[in-house]
Amino acid sequence: MKSAVETLNPTRVRLTVEVPFEELKDSLDAAYKKINQQVTVKGFRKGKIPARVIDQRFGRGAVLEEAVNDALPKFYTEAVNEAELNVLGQPEVDITELKDGETLNFTAEVDVRPALEIPDYSGIEVEVDAVEVTDEDVEKSVEQLRERFASTTPVERAAEEGDVVTIDLEAKVDGEVLEDGIANGVSYTIGSGELLEGIDEAVKGLEAGGEATFTSELKGGSAAGKEAEVTVKVTEVAKRELPELDDDFAQLASEFDTLEELKADSRKRLANMKQFDQATQAQERVLEKLLELVEVPVPEKLLEDEINTRKHNLEHHQLAQMGLTLDKYLEIQGKTAEEFETETREAAVKGIKTQFVLDELVKKEQLNVNQEELTEHLMRRAASSGMSPDQFAQAVVEGGQVPLLVGEVARGKALAVVVEAATVKDTNGEIVNLDDEEEETEAAEASETSEEKAEG
């Protein structure tokens, strides 16, 4: 077999392959054997029909077609390996010549990963938010904890803002009560905004036994997005009472003995959260700067596949679970279809470029992934997916996704190398030193977010 490579553009090549006919022998034998098992000829036992009889009865062309279909993947793979190509997706194969007993010639056009030059990235500088926890932040945190320990006491008066009401709901569309439009005994805090638009105004001023009707757009269910006439009946009004902010509350709501100790712990927790956010911000901004430094051609076919995958996942998984159509989602987001298309394409381009650049860095820096790193990454992915580590691991193995996880970890390590070399300052002008372990964890998550499903 002889092969040659022609570069069509930075992300696409054409392979020209010439195969001497004798190299088709194994595939021809396999073709005759397969046809032997599928046909019957009077006077011959099944599987014992001579090749010349098969040629006479069914045509030599049928045998050649079967043999070529069997042989093409093998010769294509050999040509790819010989040229050391990093191919993306499936090739477009064209048989240019097939002479029985002489030769098989074909071409294969396929997308390839572009050759990238990673420049010196040590000069990257980014600015991130400073980690500052104010007294107001602490008070807000403690107040949220206090809200969780609120108690309710039934009252015999009209419902007011902040009260907890128990209500029965009935929704009608076009005068017909929906099958899933009845809910009884629903607990609702007035002003929380957790139910239908217009419900707060409807229930305020009602006492137990009172009811009102209002119009609202349904957020979910069989008639999601439609205007409905909703009847709400209040069966109980209860006043929310917050505990006093004192040492007794600290002992009730935490492991601390005093309110001051609880506040000190809240301050520490808030600082840790802001440091986490700061690290994430650093990763994302360093990644953006890195991508600006590298010229990355994007294969058009890969890009279109990535865009379609993102649209499919959004429309048929994320939005479907919320009972929303794409049109309704765009309306809620205040976006036009054109803006959505542009944003999706930009995100897909960034995801593909991120993977290409970080993969190149993995090779350049000769980064490897050990079992401990892979296990830690698997645990994080399992937690974010809502599955147990064992369930997630089984799904990954059965789906043949282990190499993808290894790639995610390796790219996270590559980004961490760039962050370590970059200068990160906060808005106060202070140098930010990120912990190495935290750096790699955040980098892995930052690179995953940018890549999404940009595979190659």
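Since the model is a prediction, treat every value here as computed from it, not as a measurement.

(A) Inspection of the UniProt feature "domain: PPIase FKBP-type" (unreviewed entry) in the protein chain at higher detail. UniProt tags residues 162-215 as "domain: PPIase FKBP-type" (unreviewed entry). As annotated, residues 162-215 comprises 9% helix and 54% strand, and the C-alpha atoms at either end are separated by 22 Å.

(B) Highlighting the packing of helix 4 (residues 135-148) against helix 7 (residues 259-293). For the pair helix 4 and helix 7, the least separation of the axes is 9 Å and the interaxial angle reads 110°. Classified by the interaxial angle, the pair formed by helix 4 and helix 7 is roughly perpendicular. Along the contact surface, helix 4 presents D135, D137, V138, E139, S141, V142 and L145, while helix 7 presents L262, K263, S266, R267, L270 and K274. Tallied by class, residues from the contact of helix 4 with helix 7 come to 5 nonpolar, 2 polar and 6 charged.

(C) Region of interest: the nonpolar core. Ranked by internal contacts, the top residues of the largest apolar core, which has 36 residues, are I124, V286, L290, V357 and L361. Of all elements in the fold, only strand 5 (125-128), helix 7, helix 8 (300-321), helix 10 (337-365) and helix 13 (402-421) reach the threshold of two or more residues within this core. For this core, the element with the most residues is helix 10, which contributes 7 residues. Residues contacting L290, with those up to four places away along its chain left out, are Y121, I124, V357, L358, L361 and V418. L24, I49, V63 and L72 belong to the second-largest nonpolar core, a separate cluster that totals 29 residues.

(D) Fine view of the packing of helix 10 against helix 13. One way to put it is that helix 10 packs onto helix 13 with a least axis distance of 8 Å and a crossing angle of 80°. Classified by the interaxial angle, the pair formed by helix 10 and helix 13 is roughly perpendicular. Of the residues in helix 13, those touching helix 10 at Q355, L358, D359, L361, V362 and E365 are A410, R411, A414, L415, V417 and V418. Classifying every residue of the contact of helix 10 with helix 13 by side-chain character gives 8 nonpolar, 1 polar and 3 charged.

(E) Quick peek at the environment of L374. With respect to the element layout, L374 can be found in helix 11 (residues 371-385). Among the residues examined, L374 registers a relative accessible area of 14% and is labelled buried. Linking L374 and E408, residues 34 residues apart in sequence, is a C-alpha distance of 9.2 Å. Ignoring anything within four residues of it in the chain, the contact list for L374 reads V369, L405, V406 and V409.

What counts, and where the lines are drawn
Residues numbered from 1 in each chain as written. Predicted model: local features only at pLDDT ≥ 70, side-chain atom pairs only at ≥ 80, totals over all residues. Heavy atoms only, no water. UniProt positions renumbered as here; feature names shortened; annotations may be inferred. Helix = DSSP H or I, 4+ residues; strand = E, 2+ residues; numbered from the N terminus. Axes fitted to C-alpha atoms, helices over the stretch in contact; angles between N-to-C directions. Parallel < 35°, antiparallel > 145°, perpendicular 65-115°, else oblique. Contact = heavy atoms within 4.5 Å. Nonpolar A, V, L, I, M, F, W, Y, C, P; charged D, E, K, R; others polar. Core = buried A, V, L, I, M, F, W, Y, C linked by side-chain atoms within 4.5 Å. Buried < 20%, exposed > 50% of the residue type's maximum accessible area, 1.4 Å probe, protein only.

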